[in-house]
Amino acid sequence: MATLERRELGNTGLKLSCIGFGASPLGKVFGDVTPADALAAVRLALQLGINFFDTSPFYGGTVSETMLGNCLRELNVPRDKIIVSTKCGRYIDGFDFSAERVTRSIDESLARLKLDYVDILHCHDIEFGSLDQIVNETIPALQKIKESGKARFIGITGLPLEIFTYVLDRVPPGSVDVILSYCHYSINDTTLVDLLPYLKSKGVGVISASPLAMGLFTDNGPPEWHPASSELKSACRTAAVHCKEKGKNISKLALQYSLMNKEFATVLVGMNSPKQVEENVTAGLELSSMGIDEDLLHEVEAILQPVKNQTWPSGIQQI
Ligand code: NAD
């Protein structure tokens with residue numbers, strides 16, 4: 001039986017399934033999820049070869065971490081068979097990237113996840129903090145956490161791409177192992193590719209998240225809080241309807257598009273049901289065996305051309 005490809009994450013030695021399980025939906029940020037659905041989704045993901053799970057204390061105000069931890073415990077997954085990442089610095093009640101808070105945060109996360117360590121600890125959405133504090137205080141604190149064995153590798157996440165170069169140009173080599181970028185590599189926005197040579201030169205692994213543009217590329221459309229402009233939302237809606245009218249699925253096309261670029265160790269897609277897990281893994285396997293539907297892709301690219309690479313502001317403007 002075909003299995004999902006595994007790809008190396010920078011210099012970490014970790015081999016991630018090309019589709020990663022984004023657990024923000026387990027925090028109910030895209031609608032309600034029952035513990036039974038969460039368990040069934042995580043179980044099927046593991047059965048189908050997904051080995052990477054990403055969460056954060058921010059998602060659902062710790063609900064995602066607790067839900068994921070319960071699932072992993074219930075399924076009795078051998079610890080060395082899974083790669084788990086969580087984050088610090090962003091919480092339901094705001095941002096705090098101080099050394100004191102992030103040091104406390106990892107202990108709280110490990111308790112909720114019921115784990116002794118995480119594979120990756122990310123600094124979550126750093127554009128909302130002072131980038132100089134991230135460089136001078138947070139990353140050194142995360143290094144200490146790494147030395148303690150509570151996290152094997154350190155990452156940074158956020159939306160504006162400039163934050164990554166700002167930090168990576170200022171921290172000692174090897175102190176940031178990974179970046180997680182979201183909404184910058186799907187059919188509508190491919191700007192993350194411009195950063196790849198730089199990231200490679202720094203030996204930093206790349207996780208690309210939100211291939212469905214946080215719900216823009218789904219038949220149900222995005223959640224209310226989605227920050228895209230009405231112009232971008234409307235173009236994506238037109239693209240989804242176009243696919244549906246042809247008996248095709250926009251989510252499948254968008255995920256396959258992101259998966260085609262093998263520079264990313266994994267494409268993190270948020271999932272909250274066994275149905276979505278099955279559809280997404282099938283999309284990945286079909287891509288390997290049959291390739292993408294080129295005609296449909298060109299039609300959708302043409303629909304999205306007027307909004308190509310359009311993004312939205314995020315964080316406090318400081319660079
Ligand atoms: P996404 O683009 O993966 O879209 C998720 C939405 O699509 C959810 O509503 C999900 O239920 C739905 N979906 C998934 N598969 C589907 C299918 N086959 N058909 C129809 N709908 C489907 O957006 P995301 O969840 O925000 O991003 C993925 C993950 O990446 C997150 O869960 C999180 O782990 C991570 N992430 C991190 C950051 C950050 O660190 N700042 C930001 C965004 C995402």
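Residues numbered from 1 in each chain as written. Predicted model: local features only at pLDDT ≥ 70, side-chain atom pairs only at ≥ 80, totals over all residues. Heavy atoms only, no water.

Looking up the protein in an unreviewed UniProt entry gives the name L-galactose dehydrogenase, with the organism given as Canna indica.

Another point: the site of the ligand. Taken together, 29 residues surround the ligand, and among them Ser 24, Asp 54, Asp 125, Gly 270 and Asn 280 come closest. A distance of 2.8 Å is found between an oxygen atom of the ligand and a backbone nitrogen or oxygen belonging to Gly 270. Take Asn 280: an N or O atom from its side chain is 2.9 Å from a nitrogen atom of the ligand. Contact with the protein chains removes 92% of the 830 Å² of surface that the ligand exposes when unbound. Here the ligand is seated within the largest pocket. Secondary structure elements with two or more residues in the shell around the ligand: β10 (178-182), β12 (266-270) and α9 (274-290). Of the residues assigned to the shell around the ligand, the class counts are 13 nonpolar, 12 polar and four charged. (Near = heavy atom within 4 Å. Polar contact = N/O pair within 3.5 Å; in protein donor to acceptor, adjacent residues only side chain to side chain. Areas by Shrake-Rupley, 256 points an atom, 1.4 Å probe, with all protein chains shown as cover. 1 Å grid on protein atoms, 1.4 Å probe; cavity = no way out; pocket = protein on both sides within 12 Å on 5 of 7 lines; lining within 4 Å. Sits in = over half its atoms within 2 Å of the grid points. Helix = DSSP H or I, 4+ residues; strand = E, 2+ residues; numbered from the N terminus. Nonpolar A, V, L, I, M, F, W, Y, C, P; charged D, E, K, R; others polar.)

Here we take up the packing of aromatic side chains. As enumerated under the stated definition, the model contains seven aromatic pairs in all. Seen from their ring centres, Phe 58 and Tyr 59 are 6.3 Å apart, and the 55° between their planes marks the pair as tilted. Taken together, a centroid distance of 5.5 Å and an interplanar angle of 15° make the contact between Tyr 185 and Tyr 257 stacked. Placement of the pair is Tyr 185 in the loop between β10 and α6 (196-201) and Tyr 257 in helix α8 (residues 250-259), with a sequence separation of 72 residues. Pair check on accessibility: Tyr 185 and Tyr 257 agree, each one buried. Lying across the ring of Phe 128, Arg 90 places its NZ or CZ 5.1 Å from the centre. Sitting over the ring of Tyr 166, Arg 170 keeps its end group 3.6 Å from the ring centre. (Phe/Tyr/Trp six-rings, centres within 6.5 Å; stacked < 30°, edge-to-face > 60°. Buried < 20%, exposed > 50% of the residue type's maximum accessible area, 1.4 Å probe, protein only. Lys NZ or Arg CZ within 6 Å of the ring centre and 35° of its normal.)

Attention shifts here to the side chain of Asn 261. On the secondary structure map, Asn 261 appears in the loop between α8 and β12. What makes Asn 261 buried here is its relative accessible area of 13%. In this structure Asn 261 touches Arg 7, Tyr 185, Val 193 and Leu 196, once residues within four positions along its chain are discounted. (Contact = heavy atoms within 4.5 Å.)

Taking 1.5 Å of rise per residue, the 17 residues of α9 would be expected to cover 24 Å, and the 23 Å separating its terminal C-alpha atoms lies within 8% of that figure. Of the positions making up α9, those classed as buried are Val 277, Asn 280, Val 281, Ala 283, Gly 284 and Leu 287. In an axial view of α9, the angular spread of the buried residues amounts to 145°, which keeps them on one side of the axis. Of the exposed residues in α9, those oriented more than 90 degrees away from the buried face are Lys 275, Ser 289 and Met 290. As for α9, its buried residues are in contact with β3 (19-22), α1 (35-47), α8 and β12. (Expected span 1.5 Å × (residues − 1). Arc of directions from axis to C-beta.)

Quick look at the state of the cysteines now. Evaluation of the coordinates by the stated rule reveals zero disulfides. Free cysteine: Cys 123, not disulfide-bonded; nearest cysteine sulfur from Cys 88 at 4.8 Å. The closest cysteine sulfur to the non-disulfide-bonded Cys 243 is located on Cys 236, 11 Å from its own sulfur. Classification of Cys 243 by relative accessible area gives buried; the value is 0%. (Disulfide = S-S within 2.5 Å.)

If a strand is regular, its side chains alternate between the two faces of the sheet. Counting buried positions along strand β9 (residues 151-158) gives seven out of eight residues, so the element sits mostly inside the fold. Pairing of strand β8 (residues 118-123) with β9 involves five bridges; the strand directions are parallel. Bridge pairing links His 122 to Gly 155 in β9. In this view, the connection linking β8 to its parallel neighbour β9 by way of helix α4 (residues 131-148) has right-handed handedness. Strand direction decides the pairing type here: β9 and β10, joined by four bridges, are parallel. Each residue of the ladder has a partner; that of Thr 157, found in β10, is Leu 180. Regarding topology, helix α5 (residues 162-168) serves as the crossover connection from β9 to the parallel β10, and that connection is right-handed. (Pairing = 2+ DSSP bridges. Right-handed = clockwise from strand over helix to strand, strands pointing away.)

Looking now at helix α2 (residues 63-75). The α-helix advances 3.6 residues per turn, and as a result positions three or four apart in sequence lie on the same side. For α2, built from 13 residues, the straight-helix expectation of 18 Å at 1.5 Å per residue is met to within 8% by its first-to-last C-alpha distance of 18 Å. Along α2, the residues classified as buried are Ser 64, Glu 65, Met 67, Leu 68, Gly 69, Cys 71 and Leu 72. After α2 finishes, the residue Asn 76 shows a positive phi value of roughly 55°.

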